[in-house]
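Residue strings, one per chain:
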Amino acid sequence: MSTAAEVLARCSELDRFSLHRTRLERTHLTPQHAQANARVAQWMGAAGLRTWQDAAGNVCGRAEGRTPGLPALLLGSHLDSVPDAGSYDGMLGVLMAIAVAERLATAVASGELEPLPVALEVIGFGDEEGARFGTALLGSRAVAGAWDDDWWDLRDRDGTTLHQAFLDFGLDPRRVGEAARRPEELVGYLEAHIEQGPVLEAADEPLGYVTSIAGARRFRLTVHGEARHAGGTPYARRRDALVGASEAVTAIERLARASGEDGCIATVGRFVVHPGAVNVIPGRVELSLDLRAATDAARDAMWGDIEDEVRRRCTARGLRLEVLETHRAAAVRCSPWLQEAVVQGIGATGRARPPGLWSRAGHDAMAMARVTGTGMLFLRCAGGISHHPDEAVREDDVAAGLDALQAAVLAAAGRHAESRG
Ligand code: GLV
Ligand code: MN
Ligand code: MN
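Each value, and the rule that gives it
- Throughout this description, residue numbers start from 1 for each chain and increase along the sequence as written.
- Whichever chain is written first becomes A and whichever ligand is written first becomes 1, with later ones labelled in order.
- Thresholds applied to this predicted model are a pLDDT of at least 70 for local features of residues and 80 or more for the giving and counting of side-chain atom pairs; totals over whole chains, interfaces and linings are not thresholded and use all residues.
- Side-chain metrics in this entry use all non-hydrogen atoms of the structure; hydrogen atoms and water are not considered.
- Only DSSP runs of H or I with at least four residues qualify as helices, and only runs of E with at least two residues qualify as strands; both kinds are numbered from the N terminus onward.
- In this treatment the radius of gyration is a C-alpha quantity, and the globule benchmark scales as 2.2 Å times the residue count to the 0.38 power.
- Buried, partly exposed and exposed residues are distinguished by accessible area as a fraction of the type maximum, computed with a 1.4 Å probe on protein chains only: under 20%, between the cut-offs, and over 50%, respectively.
- Residue burial considers only the protein chains on display, and all accessible areas are found by Shrake-Rupley using a 1.4 Å probe.
- Under the convention used here, Asp and Glu are negative, Lys and Arg are positive, and both His and the chain ends fall outside the count.
- In this description, the location of a charge corresponds to atom NZ of lysine, CZ of arginine, CG of aspartate or CD of glutamate.
- The donor set covers N, O and S atoms within 2.8 Å of the metal, switching to 3.2 Å for Na, K and Ca, and it leaves out water, so a site may look short of donors.
- Take a side-chain nitrogen of Lys or Arg and a carboxyl oxygen of Asp or Glu: if they are within 4 Å of each other, that pair is a salt bridge.
- In the analysis that follows, any N or O atom pair within 3.5 Å is treated as a polar contact, provided that within protein one partner can donate a hydrogen and the other can accept it, and provided that, for residues neighboring in sequence, both atoms belong to side chains.
- Contacts are assigned to residue pairs that have any heavy atoms within 4.5 Å of one another.
- Given the number of residues in a helix, its expected span is that number minus one, multiplied by 1.5 Å.
- Here the arc refers to the directions that run from the helix axis out to each C-beta atom.
- An automatic or database domain assignment supplies the residue ranges for each domain.
- Values labelled buried area give the accessible surface lost by two parts on being combined, using a 1.4 Å probe and summing over both.
- Polar here means any residue outside two lists: the nonpolar Ala, Val, Leu, Ile, Met, Phe, Trp, Tyr, Cys and Pro, and the charged Asp, Glu, Lys and Arg; Gly therefore counts as polar.

Asker: Hey, could you run me through the overall build of the protein in this one?
Answerer: Scanning the protein for helices and strands turns up eleven helices and 14 strands. Taken over the C-alpha trace, the protein has a radius of gyration of 23 Å; the compact-globule value for 421 residues is 22 Å, and the two agree within 12%. Projecting the C-alpha coordinates of the protein onto the three principal axes gives extents of approximately 85 × 45 × 40 Å. Relative to its full complement of 421 residues, the protein shows a buried share of 53%. Counting only carbon and sulfur atoms, one obtains 49% of the accessible surface of the protein, whose full area is about 18000 Å². Separation between the mean location of the 46 positive side-chain charges and that of the 57 negative ones in the protein comes to 5 Å.

Written as structure tokens, this is what we have:
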């Protein structure tokens with residue numbers, strides 16, 4: 001039951017747990033999240049893992065090693081999605097982890113493999129994308145002990161606070177700290193994920209290892225102007241928030257592009273015009289800004305340039321700019337010993353020199369790096385497409401990925417045991 005075909009079938013099955021009948025949208029602490037957790041827990045149970053839902057809504061499973069209570073090598077990824085998502089971003093990593101746990105349990109039960117010198121845990125994080133509350137990595141940051149009580153007042157688009165969403169999901173907000181893991185309980189964290197970019201495909205490589213993950217910041221920018229009559233207000237008296245916001249968008253792209261191929265990436269993905277009527281000059285525009293770069297310094301310098309430029313343009317048009325930072329995650333270097341374990345894992349599939357990539361996409365591994373060492377295995381995806389229903393991954397790549405992840409687990413467990421003498 002732990003073949004690549006089975007993993008892909010399970011990815012498709014999870015598509016059913018969506019807000020919409022024909023497209024995937026599964027966000028944090030929703031009924032669809034609960035349904036996905038329940039199904040994933042069943043699969044974990046079938047793989048021989050003891051399962052539970054933690055105090056932050058993540059679904060977890062554990063198999064003991066050669067003695068009960070050993071520190072755990074944690075494998076995982078996320079089960080939430082962006083709106084109109086593909087089937088593999090996050091889910092593939094969780095389901096590959098379960099498949100590897102099952103294969104290892106079978107090998108131990110048949111006597112083909114010695115019991116592991118570590119416990120093995122699998123975790124399906126409830127929020128990585130931040131699609132519901134704007135702040136990302138809520139699941140993994142709870143596990144990493146990086147919860148911030150300011151987040152309780154975050155609201156979704158319907159006005160529901162994160163605090164209320166916890167209660168609605170059957171979680172006790174006062175107990176969120178219980179999801180936090182202590183460094184001494186953990187050996188490390190390994191995550192398999194589709195690349196979400198074109199590098200592996202261009203290099204004709206099915207698998208790669210991650211060297212580091214981009215630092216990210218997200219903002220909500222509001223441009224305030226004046227809503228007035230579209231016909232009666234002469235240009236000299238207009239303070240059109242939409243024209244100012246549009247200038248901001250093109251300036252943001254120009255500045256980020258100028259930072260070069262390996263520089264900053266900036267995206268405005270949400271743009272809301274108020275009051276949104278054909279015959280009213282837009283009085284207010286809200287736009288999101290997502291910024292990423294290989295280093296926090298490059299990202300922060302880019303934000304400085306963007307803020308100066310957008311303020312200057314707003315001022316020139318008599319507009320006011322309001323800035324709210326909604327998310328910040330530091331750039332993270334994957335642990336050298338787990339990078340090596342992943343390289344060794346890929347080596348077991350016959351690729352001795354796999355490519356090392358820095359990830360422009362964010363991952364739960366960045367949050368987990370606060371509490372333990374992290375390593376990531378990337379799988380090629382078709383056209384580098386992600387955050388879209390056309391996301392696709394080849395079955396033979398998933399088969400190679402399973403072999404590589406399994407070998408990486410054994411390499412990491414072995415290295416850990418060696419380091420303990
Ligand atoms: C997560 O997918 C991200 O936005 O990087
Ligand atoms: Mn994603
Ligand atoms: Mn992801």
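Asker: I tried to follow the coordination of the manganese ion (ligand 3) on my own but got confused; where do I start?
Answerer: Metal coordination angles have textbook ideals: 109.5 degrees for a tetrahedral set of four donors and 90 or 180 degrees for an octahedral set of six. Protein coordination at the manganese ion (ligand 3) comes from H78 (NE2), D89 (OD) and H193 (NE2), with a distance range of 2.0 to 2.3 Å. Mapped onto the sequence, the residues coordinating the manganese ion (ligand 3) show the spacing H-x10-D-x103-H.

Asker: I'm lost on the side chain of D89 in this one. Help?
Answerer: On the secondary structure map, D89 appears in the loop between β3 (72–78) and α3 (91–109). One buried charged side chain, D89, makes no salt bridge at all; its nearest oppositely charged neighbour is R292, positioned 9.1 Å away. Among the polar contacts made by the side chain of D89, one reaches the side chain of H193 at a distance of 2.9 Å. Contacts of D89, omitting those with residues within four sequence positions, involve H78, D80, E129, H193, I194, Q196, S386, H387 and E391.

Asker: Explain helix α2 (residues 31–46) to me, please; I cannot follow it from the model alone.
Answerer: Structurally, the α-helix is built with 3.6 residues per turn, so residues lying three or four positions apart point the same way. Counted at 1.5 Å a residue, the expected span for α2 with its 16 residues is 22 Å, and the 23 Å between its end C-alpha atoms agrees. Listed in full, the buried residues belonging to α2 are Q32, H33, A36, N37, V40, W43 and M44. When α2 is viewed along its axis, its buried side chains cluster within an angular range of 135° and face the same direction. Turned more than 90 degrees away from the buried face of α2, the exposed residues are P31 and A46.

Asker: Before we go on, may I ask you to explain the domain arrangement of the protein in this structure?
Answerer: Buried accessible area, meaning the area lost when the parts come together, often serves as the stated size of an interface. Parsing the protein into structural domains produces domain 1 (3–214 + 331–419) and domain 2 (215–329). Centre-to-centre separation of domain 1 and domain 2, based on C-alpha positions: 34 Å. Between domain 1 and domain 2 the total buried area reaches about 1100 Å² when both faces are included, carbon and sulfur atoms providing 43% of it. Per-residue buried area on domain 1 facing domain 2 is highest for A331, W358 and R360; these three make up 44% of the total on that side. Summed over the shared surface of domain 1 and domain 2, the number is zero salt bridges. Grouping the amino acids of the side of domain 1 that touches domain 2 by side-chain chemistry returns eight nonpolar, three polar and four charged.

Asker: Please clarify how unusual backbone geometry should be interpreted in this entry.
Answerer: Negative phi is the rule for most residues except glycine; trans is the rule for most peptide bonds. The omega angle of the peptide bond from H274 to P275 is 0°, so this bond is cis rather than trans. Take P275: it is sitting in the loop between β9 (271–274) and β10 (284–293). Positioned with a positive phi, L29 is a non-glycine residue whose angle comes to about 60°. Within the secondary structure, L29 is located in the loop between α1 (4–14) and α2. Taking relative accessible area as the criterion, L29 reaches 5% and is therefore assigned buried. In this model, H387 sits at a positive phi of 60°, which is unusual for a non-glycine residue. By the secondary structure assignment, H387 is in the loop between β14 (374–379) and α11 (395–419).

Asker: Would you mind showing me how to read the environment of Y209 here?
Answerer: Tracing the chain through its elements places Y209 in strand β6 (residues 207–213). Judged by its relative accessible area of 18%, Y209 falls in the buried class. As for Y209 and M376, which are separated by 167 residues in sequence, their C-alpha atoms are 5.9 Å apart. Apart from the residues within four sequence positions on either side, Y209 is in contact with Q339, V342, V343, I346, P354, P355, G356, L357 and M376.

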